[in-house]
Amino acid sequence: MKPFAIAVHGGAGTILPHLLTPEKEVAYKSALHDAILAGEKILAANGSSLDAVEAAVKVLEDCPLFNAGKGAVFTHDETHEMDASIMRGDLLMAGAVAGIKNIKNPIQLARKVMENSEHVMLCGNGAAQFAKKMGFDFEPDSYFYTEQRHEQWKNAILEDKVALDHNIKIDEKKFGTVGAVALDLHGNLAAGTSTGGMTNKKFGRVGDSPIIGAGTYANNSQCAVSCTGHGEFFIKAVVAYDVYCLMEYKQLSLEEACRIVVKEKLVKIGGEGGLIALDKSGNISLCFNSEGMYRASVKSNEALFVAIYGD
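Residues numbered from 1 in each chain as written. Predicted model: local features only at pLDDT ≥ 70, side-chain atom pairs only at ≥ 80, totals over all residues. Heavy atoms only, no water.

Turning to the packing of helix H2 (residues 49-61) against helix H3 (residues 106-116), a few remarks are in order. H3 packs onto H2 with a crossing angle of 150° between their chain directions and a minimal axis gap of 8 Å. Taken together, the axis directions place H2 and H3 in an arrangement best described as roughly antiparallel. Taking contact as the criterion, the partners of Leu50, Asp51, Glu54, Val57, Lys58 and Glu61 in H2 are, on H3, Pro106, Ile107, Gln108, Arg111, Met114 and Glu115. Grouping the amino acids of the contact of H2 with H3 by side-chain chemistry returns five nonpolar, one polar and six charged. (Axes fitted to C-alpha atoms, helices over the stretch in contact; angles between N-to-C directions. Helix = DSSP H or I, 4+ residues; strand = E, 2+ residues; numbered from the N terminus. Parallel < 35°, antiparallel > 145°, perpendicular 65-115°, else oblique. Contact = heavy atoms within 4.5 Å. Nonpolar A, V, L, I, M, F, W, Y, C, P; charged D, E, K, R; others polar.)

Our next topic: the packing of helix H1 (residues 22-44) against H2. At their nearest, the axes of H1 and H2 sit 8 Å apart, and the two run at 160° to each other. One finds that H1 runs roughly antiparallel with respect to H2. The chirality of how H1 crosses H2 is right-handed. Facing H1, whose interface residues are Ala31, Leu32, Asp34, Ala35, Ala38, Gly39, Ile42 and Leu43, H2 presents Ser49, Asp51, Ala52, Ala55, Ala56, Val59 and Leu60. Counted by class, the contact of H1 with H2 contains eleven nonpolar, two polar and two charged residues. (Left-handed = near helix turned anticlockwise from the far one by under 90°.)

A separate point is the pairing of strand S12 (residues 292-299). The buried fraction of S12 is high, at eight of eight residues. Burial along S12 is two-sided: Gly292, Tyr294, Ala296 and Val298 and Met293, Arg295, Ser297 and Lys299, pointing in opposite directions, are all buried. Here strand S1 (residues 5-13) runs beside S12; their pairing, made up of seven bridges, is antiparallel. Each bridged residue has a counterpart across the sheet, and for Ala12 the counterpart in S12 is Met293. Two elements, S12 and strand S13 (residues 305-309), share four bridges in a ladder whose sense is antiparallel. By the bridge assignment for S13, Arg295 is matched with Ala307. (Buried < 20%, exposed > 50% of the residue type's maximum accessible area, 1.4 Å probe, protein only. Pairing = 2+ DSSP bridges.)

Attention now moves to the sheet that holds strand S8 (residues 216-219). On the basis of which strands lie adjacent, the open sheet formed by four strands has the order S8-S9-S10-S11 and antiparallel pairing. The two strands at the open ends of the sheet, each matched to only one other strand, are S8 and strand S11 (284-288). Each strand of the sheet is rotated relative to its neighbour by a mean of 10°, with strand direction disregarded. Bridge analysis of strand S9 (residues 223-229) against strand S10 (residues 273-279) gives seven bridges, and the strand direction is antiparallel. The residue of S10 that forms the bridge with Ser226 is Ile276. Against the sheet, helix H8 (residues 239-250) contacts S8, S9 and S10, and its axis sits at roughly 145° relative to S9. Packed onto the sheet, helix H9 (residues 254-268) meets S9, S10 and S11 and runs at close to 15° relative to S11.

So, about helix H6 (residues 147-159). The terminal C-alpha atoms of H6 lie 18 Å apart, and with 13 residues this matches the ideal 18 Å at 1.5 Å per residue to within 8%. Where H6 is concerned, the buried positions are Arg149, His150, Gln152, Trp153, Asn155 and Ala156. (Expected span 1.5 Å × (residues − 1).)

Let us now look at the environment of Phe130. Within the secondary structure, Phe130 is located in helix H4 (residues 124-133). Sequence separation between Phe130 and Leu109 is 21 residues, and the spatial gap between their C-alpha atoms is 8.8 Å.

With that settled, the discussion passes to the confidence of the model for the protein chain. Taken as a whole, the protein chain shows an average pLDDT of 93; of its residues, 95% reach a score of 70 or greater. Here residues 166-172 is a poorly scored stretch, pLDDT under 50, and it has 17 contacts once near neighbours within four places are set aside; other chains count. (pLDDT = per-residue confidence, 0-100.)

Written out as structure tokens, the structure reads:
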């Protein structure tokens with residue numbers, strides 16, 4: 001029987017032991033553990049990688065610790081604009097939403113775009129109209145409010161800066177995008193990514209998370225990838241697709257392809273962050289060039305792995 005595997009991330013950046021209380025560390029690891037188990041349960045029951053990715057990302061969107069869904073950061077206008085994408089590696093179908101508001105689980109709306117429209121990406125008011133057509137409930141602004149995010153927003157306003165999901169006053173730089181990649185027992189790969197973007201972002205800014213090939217990519221011939229980091233650099237470097245290309249055209253291993261893209265090519269242009277990736281054989285890469293990355297993974301008949309800090 002073929003193996004199954006799943007990996008999740010909850011963001012990368014300057015994540016150091018002294019910046020997290022023991023209680024916070026336990027909370028982050030517990031959330032990552034819950035997300036992995038949600039996906040693993042589906043895969044172990046012969047479910048699809050697509051369902052596993054959606055379920056894992058949904059758990060992270062529902063957790064206020066991460067910059068996605070309930071924990072999304074505030075825009076300049078003190079609102080929440082969220083982005084998400086999902087892709088299945090067998091048919092190369094993909095769906096994405098950008099700049100959406102009041103949707104509890106953007107990853108679910110991205111999947112609806114993939115399966116119930118002729119498009120790949122919908123944004124803003126159009127995405128909202130589509131969500132209403134699909135029967136989505138809209139949560140009140142209060143659902144997405146967290147005190148920590150609001151404090152980050154006030155600090156960003158005072159500094160007149162666009163902040164990468166961090167508290168400027170303690171220089172805790174953290175990219176809080178969430179994502180998942182999975183391989184099911186049928187050999188199908190899938191990837192999904194969801195984010196609240198940048199604190200104090202203006203002008204409808206969109207990062208790499210909803211862009212297929214930049215923040216998310218899946219192709220059964222090689223790999224599935226979900227990224228987290230400074231989105232502008234991940235877009236310029238077409239990070240997720242670049243990993244696939246190095247494997248497809250240069251026959252590199254998953255680990256080597258991820259290392260070249262994240263620790264060499266991204267670093268050269270000033271891009272910070274990381275990614276999670278799976279290949280068609282179930283090999284896993286949790287690669288980052290920052291101080292840490294919230295991450296977890298599990299494979300058939302192997303122990304679950306959860307980590308936060310760098311080696």
